[in-house]
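# Coordinates in review
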Amino acid sequence: MTSPRPRIAMFSGNYNYVRDGANQALNRLVGYLLRKEVDVRVYSATTDTPAFPPTGDLVSVRSIPLPLGRAEYRMALGVTPATKRDLAAFKPDIVHVAAPDLLGHRAVSWARKRGIPVLSSMHTRFETYPRYYGLAFMEPIVEALLRRFYRRCDAVVAPSESMAQVMRQQRMSYDIGIWARGIDTSIFNPQRRDMDWRRDLGIADDEPVIGFLGRLVMEKGLDVFSDAIDALRAKGVRHKVLVIGEGPARDWFESRLQNAVFVGFRSGADLGQAVASMDMLFNPSVTETFGNVTLETMACAIPVVAARATGSENLVADGVTGRLVTPGSISGYADALATYCTDTELRLRHGAAGAEASSAYDWDKVNNAVLETYQRLVRQKSGSARV
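Figured I'd write up the structure that's included with this text. (Residues numbered from 1 in each chain as written. Predicted model: local features only at pLDDT ≥ 70, side-chain atom pairs only at ≥ 80, totals over all residues. Heavy atoms only, no water.)

## Points about the overall build of the chain
In terms of helices and strands, the chain carries 14 helices and 15 strands. The C-alpha radius of gyration of the chain comes to 21 Å, within 12% of the 21 Å expected for a compact globule of 387 residues. If one aligns the C-alpha atoms of the chain with their principal axes, the spans along those axes are about 70 × 40 × 40 Å. Across the 387 residues in the chain, those meeting the buried criterion constitute 55%. Within the chain, contacts between residues at least 6 apart in sequence are counted, and of these 68% link residues at least 24 apart. For the chain, the exposed surface amounts to about 16400 Å²; the carbon and sulfur share of it is 50%. (Helix = DSSP H or I, 4+ residues; strand = E, 2+ residues; numbered from the N terminus. Rg over C-alpha atoms; globule rule 2.2 N^0.38 Å. Buried < 20%, exposed > 50% of the residue type's maximum accessible area, 1.4 Å probe, protein only. Contact = heavy atoms within 4.5 Å. Areas by Shrake-Rupley, 256 points an atom, 1.4 Å probe, with all protein chains shown as cover.)

This is the structure in structure tokens:
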């Protein structure tokens with residue numbers, strides 16, 4: 001890179017004010033880069049009540065609450081003159097944009113005007129969101145807007161090969177690499193399983209526990225989850241649902257799963273305990289680009305029933321570490337859950353296989369792939385400038 005200590009300007013729509021898999025991955029990446037003596041400056045919307053402390057230097061940008069009933073998120077208003085002055089003083093070698101929002105678009109424009117290479121990391125399948133709010137007709141429009149954004153970047157990193165393939169089919173970019181996710185085995189491991197904790201929740205030792213893990217928002221497939229549990233109940237299969245997470249759709253979800261146990265948001269060792277104390281994870285979401293919750297569950301030796309969709313396809317080996325079901329197939333999900341509820345030996349065997357498979361995901365290894373991409377883009381840009 002051009003400076004003695006590489007400088008990365010990172011732009012995020014939500015770096016730390018609402019906890020989700022995307023911003024936790026970004027914070028881990030920044031931590032890794034700082035350990036490698038890379039200078040990083042993060043530009044993001046902020047709040048007075050962040051979900052967790054930011055890793056590295058965080059510069060607040062102007063923002064407003066997101067409309068359409070999602071005020072917990074904020075919309076950055078672009079690269080203001082103050083932000084431009086900060087960027088000019090920082091003199092980044094590369095710009096990393098993590099969201100195709102107004103801030104991301106303006107950051108790309110700022111970098112292109114100055115000949116600075118741009119890497120975009122893809123975290124969310126935004127083109128699938130409209131269907132959960134009765135606006136499915138807008139999906140082609142959103143896809144076209146995303147295509148324009150990603151094609152203005154020099155390269156894109158996607159969380160999984162299945163997601164990268166979708167982006168290639170959508171003609172989003174001609175340079176798509178992989179930035180997977182790692183697993184912290186000090187938190188997620190089978191030894192965290194706690195039968196006393198389950199008993200305190202009123203769960204019998206021989207009662208199969210079906211877990212949901214994630215933010216409680218409709219785009220996580222809460223409607224499909226609820227319908228599949230109804231179908232499982234109709235089969236007369238004994239089970240208990242355990243919901244780990246918080247979000248604006250909690251009241252709706254509780255009304256649909258009246259016999260479920262809701263334990264709210266968990267983190268650290270408490271989260272590992274809750275995940276390891278499941279008997280299976282049910283993840284019907286089709287909006288995942290990687291599936292952090294799937295990997296975390298596998299590391300705890302718990303099998304996964306998931307949608308055959310991006311992310312899960314690269315993590316779950318159907319019939320080996322879990323089951324992959326056609327998205328939206330209520331009967332298919334119910335059948336897969338029923339099998340695990342009634343076959344303890346199969347459940348344990350698939351869980352053990354998942355724990356072994358999860359061991360391949362090391363945070364330093366996957367984050368180094370991003371650092372190498374930064375270095376490649378800067379070399380390419382420097383080479384083209386000399387021609």
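Having seen the structure, we can now continue with the description.
## Observations concerning the sheet that holds strand β13 (residues 280-283)
Ordered by their spatial adjacency, six strands build an open sheet running β12-β11-β10-β13-β14-β15, and the pairing between neighbours is parallel. Whereas interior strands pair on both sides, the edge strands pair on one side only; in this sheet they are β12 (261-264) and β15 (322-325). Strand after strand, the sheet turns through a mean of 20 degrees between neighbouring axes, direction not considered. (Pairing = 2+ DSSP bridges. Axes fitted to C-alpha atoms, helices over the stretch in contact; angles between N-to-C directions.)

## Focus on unusual backbone geometry
In this structure, K91 takes a positive phi of about 55 degrees despite not being glycine. Topologically, K91 is positioned in the loop between α2 (81-90) and β6 (94-97). Phi is positive for A301, close to 65 degrees, though the residue is something other than glycine. Its place among the elements puts A301 in the loop between α10 (292-299) and β14 (304-307).

## Describing the sheet that holds strand β7 (residues 118-121)
A sheet is described by the order of its strands in space; here seven strands give the open sequence β3-β2-β1-β6-β7-β8-β9, paired in parallel fashion. Lying at the two open borders of the sheet, with one neighbouring strand each, are β3 (57-60) and β9 (176-178). Along the sheet, successive strands turn relative to each other by an average axial angle of 25 degrees, direction set aside. Bridge analysis of strand β1 (residues 7-12) against β6 gives four bridges, and the strand direction is parallel. Residue pairing across strands places A9 opposite V95, the latter belonging to β6. Packing against the sheet, helix α3 (residues 102-113) makes contact with β1, β2 (39-44), β6 and β7, and its axis sits at approximately 165 degrees to β6. With respect to the sheet, helix α5 (residues 161-169) is in contact with β8 (155-158) and β9, its orientation differing from that of β9 by roughly 170 degrees.

## Some remarks on helix α13 (residues 344-358)
With 15 residues, α13 extends 21 Å from end C-alpha to end C-alpha; this agrees with the ideal 21 Å at 1.5 Å per step. All of the buried residues along α13 are L346, R347, H350, G351, G354 and S358. The buried residues of α13 occupy one face: seen down the axis, they fall within an arc of 130 degrees. Of the exposed residues in α13, those oriented more than 90 degrees away from the buried face are L348 and E356. Buried residues along α13 sit in contact with β13, α10, β15 and α12 (330-342). (Expected span 1.5 Å × (residues − 1). Arc of directions from axis to C-beta.)

## Focus: the nonpolar core
Core analysis: the largest hydrophobic core is formed by 54 residues, its most contacted members being I244 and Y374. Residue contributions to this core peak at seven residues, all from helix α14 (residues 363-386). Every residue in contact with I244, bar those within four places of it in the chain, is listed here: F212, L213, G214, V263, G264, R266, L271, A274, V275 and M278. Grouped together as the second largest cluster of nonpolar side chains are 32 residues, A76, V108, V142 and M167 included. (Core = buried A, V, L, I, M, F, W, Y, C linked by side-chain atoms within 4.5 Å.)

## Describing the pattern of salt bridges
A complete count under the given rule lists 22 salt bridges for this structure. Between R198 and D279 there is a salt bridge; the shortest N-O distance is 3.0 Å. Placement of the pair is R198 in helix α6 (residues 195-200) and D279 in the loop between α9 (268-276) and β13, with a sequence separation of 81 residues. On the basis of relative accessibility, which here comes to 8%, the residue D279 falls in the buried class. Note that K235 and D335 form a salt bridge whose closest N and O atoms lie 2.8 Å from each other. (Salt bridge = Lys/Arg side-chain N within 4 Å of Asp/Glu carboxyl O.)

## A look at the side chain of R147
Mapped onto the elements of the fold, R147 is located in helix α4 (residues 139-151). Beyond its immediate chain neighbours, meaning those up to four positions away, R147 contacts Q170, R171 and M172.

## Here's the deal with the packing of α10 against α13
For the pair α10 and α13, the least separation of the axes is 7 Å and the interaxial angle reads 115 degrees. With respect to their mutual orientation, α10 and α13 come out roughly perpendicular. Taken as a pair, α10 and α13 cross one another with a handedness that is left-handed. Residues L295, M298 and A299 of α10 lie in contact with α13, whose contacting residues are G351, G354, A355, A357 and S358. Here the contact of α10 with α13 is built from residues that sort into five nonpolar, three polar and no charged. (Parallel < 35°, antiparallel > 145°, perpendicular 65-115°, else oblique. Left-handed = near helix turned anticlockwise from the far one by under 90°. Nonpolar A, V, L, I, M, F, W, Y, C, P; charged D, E, K, R; others polar.)

## Quick notes on the pairing of strand β11 (residues 240-244)
Counting buried positions along β11 yields five of five residues, so the element is predominantly enclosed. By the alternation rule, side chains of β11 split into K240, L242 and I244 and V241 and V243, which are all buried. The parallel pair strand β10 (residues 209-213) and β11, bridged by helix α7 (residues 222-234), forms a crossover whose chirality is right-handed. In this structure, β11 lies alongside β12, joined through three bridges in parallel fashion. What sits directly across from I244, in β12, is G264. At this point the chain moves from β11, through helix α8 (residues 250-256), to the parallel β12, and the crossover so formed is right-handed. (Right-handed = clockwise from strand over helix to strand, strands pointing away.)

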